[in-house]
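Descriptive analysis of the structure
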Amino acid sequence: MDALKARRIQQGMSQIALEDRAGLTGGYVGKIEGSADKKNNRAIGRESLPLLLGALKLELAVVPVEKQASSKHALKALPRKLLTGDELKKFLENRARKGGRIRKVRLTKKQRRDIAMNAAKARWEKHRAGQKRQSKGKPEPIIVPASALQGAE
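Here we summarise the structure given alongside this text. This structure is a prediction, so every number in the text was calculated from the model and none was measured.

**Brief notes about the environment of L58**
Tracing the backbone shows L58 in the loop between helix 4 (48–55) and helix 5 (72–77). When the C-alpha atoms of L58 and R7 are compared, they prove to be 8.8 Å apart, with 51 residues separating the residues in sequence. Once residues within four sequence positions are removed from consideration, L58 is found in contact with L4, R7 and L53.

**Looking at the side chain of E33**
With respect to the helices and strands, the residue E33 is situated in helix 3 (residues 28–33). A polar contact is formed between the side chain of E33 and the side chain of Q15, at a distance of 2.7 Å.

**Describing the nonpolar core**
Membership of the largest hydrophobic core is limited to 12 residues, which are L4, M13, L18, A22, L24, Y28, V29, I32, L52, L53, A55 and L56. At the level of elements, helix 2 (15–22), helix 3 and helix 4 are the ones that each hand at least two residues to this core.

**A look at helix 4**
Residues of helix 4 that are buried: S48, L52, L53 and A55. Take helix 4 and look down its axis: the buried residues cluster within an arc of 165 degrees, on one side only. Tucked inside the fold, the buried residues of helix 4 contact helix 1 (2–10), helix 2 and helix 3. K57 lies just past helix 4 and shows a positive phi near 55 degrees.

**Points about helix 2**
Every buried residue of helix 2 is listed here: L18, E19 and A22. Angularly, the buried residues of helix 2 cover 100 degrees about the axis, an arc narrow enough to put them on a single face. Relative to its buried face, helix 2 has exposed residues pointing more than 90 degrees away, namely I16 and D20. Against helix 1, helix 3 and helix 4 lie the buried residues of helix 2.

**A few points about the packing of helix 2 against helix 4**
Viewed as axis vectors pointing N to C, helix 2 and helix 4 meet at an angle of 110 degrees, and their least axial separation amounts to 9 Å. Relative to helix 4, the element helix 2 lies roughly perpendicular. By crossing handedness, the relation of helix 2 to helix 4 is classed as right-handed. The residues of helix 4 that touch helix 2, namely those facing L18, R21 and A22, are L51, L52 and A55. Class assignment of the residues belonging to the contact of helix 2 with helix 4 gives a composition of five nonpolar, no polar and one charged.

About the cut-offs
Residues numbered from 1 in each chain as written. Predicted model: local features only at pLDDT ≥ 70, side-chain atom pairs only at ≥ 80, totals over all residues. Heavy atoms only, no water. Helix = DSSP H or I, 4+ residues; strand = E, 2+ residues; numbered from the N terminus. Contact = heavy atoms within 4.5 Å. Polar contact = N/O pair within 3.5 Å; in protein donor to acceptor, adjacent residues only side chain to side chain. Core = buried A, V, L, I, M, F, W, Y, C linked by side-chain atoms within 4.5 Å. Buried < 20%, exposed > 50% of the residue type's maximum accessible area, 1.4 Å probe, protein only. Arc of directions from axis to C-beta. Axes fitted to C-alpha atoms, helices over the stretch in contact; angles between N-to-C directions. Parallel < 35°, antiparallel > 145°, perpendicular 65-115°, else oblique. Left-handed = near helix turned anticlockwise from the far one by under 90°. Nonpolar A, V, L, I, M, F, W, Y, C, P; charged D, E, K, R; others polar.

Here's what the structure looks like:
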């Protein structure tokens, strides 16, 4: 991110101007340029990276490096060998579970309960919306009195 920030400053652009040119939401560039220890920091996503590079008139190049990566954290996050589909899925699931456990420690019991309640409410609303869609597609049953059927024979 330091290279993108340096390029932005070199071109004399503010963070807001870069967001406008890239078509990103307000405050996004500030969050990705912020330090890693801030609570609201963000990583560059796969959708926003090409937008930022295009706005700064840059290209992405992959260059082999002789030294190890400087970030020990980045090395821990990546698997050490090429994984097959099932292995990769399992690796990503384990990493996601670990992230959930870390998040759980950071939140209070009330915050966790509120998140669970909101998720349950959203699932219920989605379920109810699906039932309404299904009921619209089925014809309404026609109720005919038995006396009307006896006279038809």
